[in-house]
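Inside the fold
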Amino acid sequence: MNIRPATDNDLPEILDIHNDAIRRLDAIWSETEETLADRKAWLDDRNANGFTVLVAEEDGRILGHGSYGTYRSRSGYRKTVEHSIYLRDEAQGRGVGSALMAALIDDAKAKGFHLMVGVIDSKNESSIRFHARHGFEMLGILPQSGFKNGRWLDQANMYLILNDDPAPPRGY
């Protein structure tokens, strides 16, 4: 398995994984599938803003992808990122997610980010355990913060402090 930066050529497989998650899972709180143009805009935006999108590839097939990006738009949050990892079903339990997570964490640290946030459906116990194995701590649950397929979803918030550096100089 190879972990590498995503390219435009990966977008059809990334789109397939993404839309499958929209259809079947509560991991993406959207009921509307995306288009190839939507995913292209997403990748272009991540790249233009210095964020990372990675894919896990094996034998020429994308098994999953991971990325991080803006947590919130105000400047005070510029050192905090929110991440996502999505896998094909057949990639589950094979270490693909862990490889993507480790690479995202290393990349975010190298780029000087301070905090990584995971926003998870609170009923997704396997994702919560996965994050805990990677050092994330539970901050809490935001009840009924999402609505999908006719029901309310509770949001689990987990975080990982990427470095213990003191606050950056004023004006940073």
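Since the model is a prediction, treat every value here as computed from it, not as a measurement. (Residues numbered from 1 in each chain as written. Predicted model: local features only at pLDDT ≥ 70, side-chain atom pairs only at ≥ 80, totals over all residues. Heavy atoms only, no water.)

1. Quick word on the side chain of H131
On the secondary structure map, H131 appears in helix 4 (residues 125-133). Of note is the side chain of H131, whose polar atom sits 2.8 Å from the backbone oxygen of S127. (Helix = DSSP H or I, 4+ residues; strand = E, 2+ residues; numbered from the N terminus. Polar contact = N/O pair within 3.5 Å; in protein donor to acceptor, adjacent residues only side chain to side chain.)

2. A short note on the nonpolar core
With 24 residues, the main nonpolar core has Y68, V96, I105, F113, M116, F136 and L162 as its most contacted residues. When residues of this core are assigned to their parent elements, the largest contribution, 6 residues, is made by helix 3 (residues 96-110). Not counting residues within four places of it along the chain, the set of residues in contact with V96 comprises M1, A56, L63, L87 and A91. (Core = buried A, V, L, I, M, F, W, Y, C linked by side-chain atoms within 4.5 Å. Buried < 20%, exposed > 50% of the residue type's maximum accessible area, 1.4 Å probe, protein only. Contact = heavy atoms within 4.5 Å.)

3. Let's talk about the packing of helix 1 (residues 11-24) against helix 2 (residues 36-48)
Look at helix 1 against helix 2: their axes get within 10 Å of each other, and the N-to-C directions meet at 105°. By the angle class used here, helix 1 and helix 2 are roughly perpendicular. Residues L11, P12, I14, L15 and H18 of helix 1 pack against L36, R39, K40, W42 and L43 of helix 2. When its residues are assigned to classes, the contact of helix 1 with helix 2 shows 7 nonpolar, 1 polar and 2 charged. (Axes fitted to C-alpha atoms, helices over the stretch in contact; angles between N-to-C directions. Parallel < 35°, antiparallel > 145°, perpendicular 65-115°, else oblique. Nonpolar A, V, L, I, M, F, W, Y, C, P; charged D, E, K, R; others polar.)

4. Some words on the pairing of strand 5 (residues 115-121)
Within strand 5, 5 of the 7 residues are buried, which leaves the element mostly enclosed by the surrounding structure. Pairing geometry for strand 4 (residues 80-87) and strand 5, over 3 bridges, is parallel. Bridge pairing links V81 to M116 in strand 5. Each parallel crossover has a hand, and the one from strand 4 via helix 3 to strand 5 is right-handed. (Pairing = 2+ DSSP bridges. Right-handed = clockwise from strand over helix to strand, strands pointing away.)

5. Observations regarding the packing of aromatic side chains
In total, this model carries 5 aromatic pairs according to the counting rule given. Seen from their ring centres, Y68 and F113 are 5.6 Å apart, and the 75° between their planes marks the pair as edge-to-face. Separated by 45 residues along the polypeptide, Y68 in strand 3 (residues 61-70) and F113 in the loop between helix 3 and strand 5 bring together distant segments of the chain. Across the pair, exposure class does not vary: Y68 and F113 are buried alike. A connected cluster of aromatic rings, assembled from ring pairs, spans F51, Y68 and F113. The ring of W42 has R39 lying over it, and the distance from NZ or CZ to the ring centre is 4.0 Å. (Phe/Tyr/Trp six-rings, centres within 6.5 Å; stacked < 30°, edge-to-face > 60°. Lys NZ or Arg CZ within 6 Å of the ring centre and 35° of its normal.)

6. Focus: the sheet that holds strand 6 (residues 137-148)
Where strands meet in a sheet, backbone hydrogen bonds hold them as pairs that are either parallel or antiparallel. Strands sit in the order 1-2-3-4-5-7-6 across an open sheet of 7 strands; the sheet is mixed. Of all strands in the sheet, those with a lone pairing partner are strand 1 (2-5) and strand 6, marking the two edges. Between one strand axis and the next, the sheet turns through 25° on average, direction left out of account. Inspection of the sheet shows strand 5 paired to strand 7 (residues 151-161) by 7 bridges, in the antiparallel sense. Bridge assignment links M116 to a residue of strand 7, and that residue is L160. Here helix 1 sits on the sheet in contact with strand 2 (53-58), strand 3, strand 4 and strand 6, set at roughly 75° to strand 3. Docked against the sheet, helix 2 engages strand 2 and strand 3, running at close to 55° with respect to strand 3.

These figures capture arrangement, not role.
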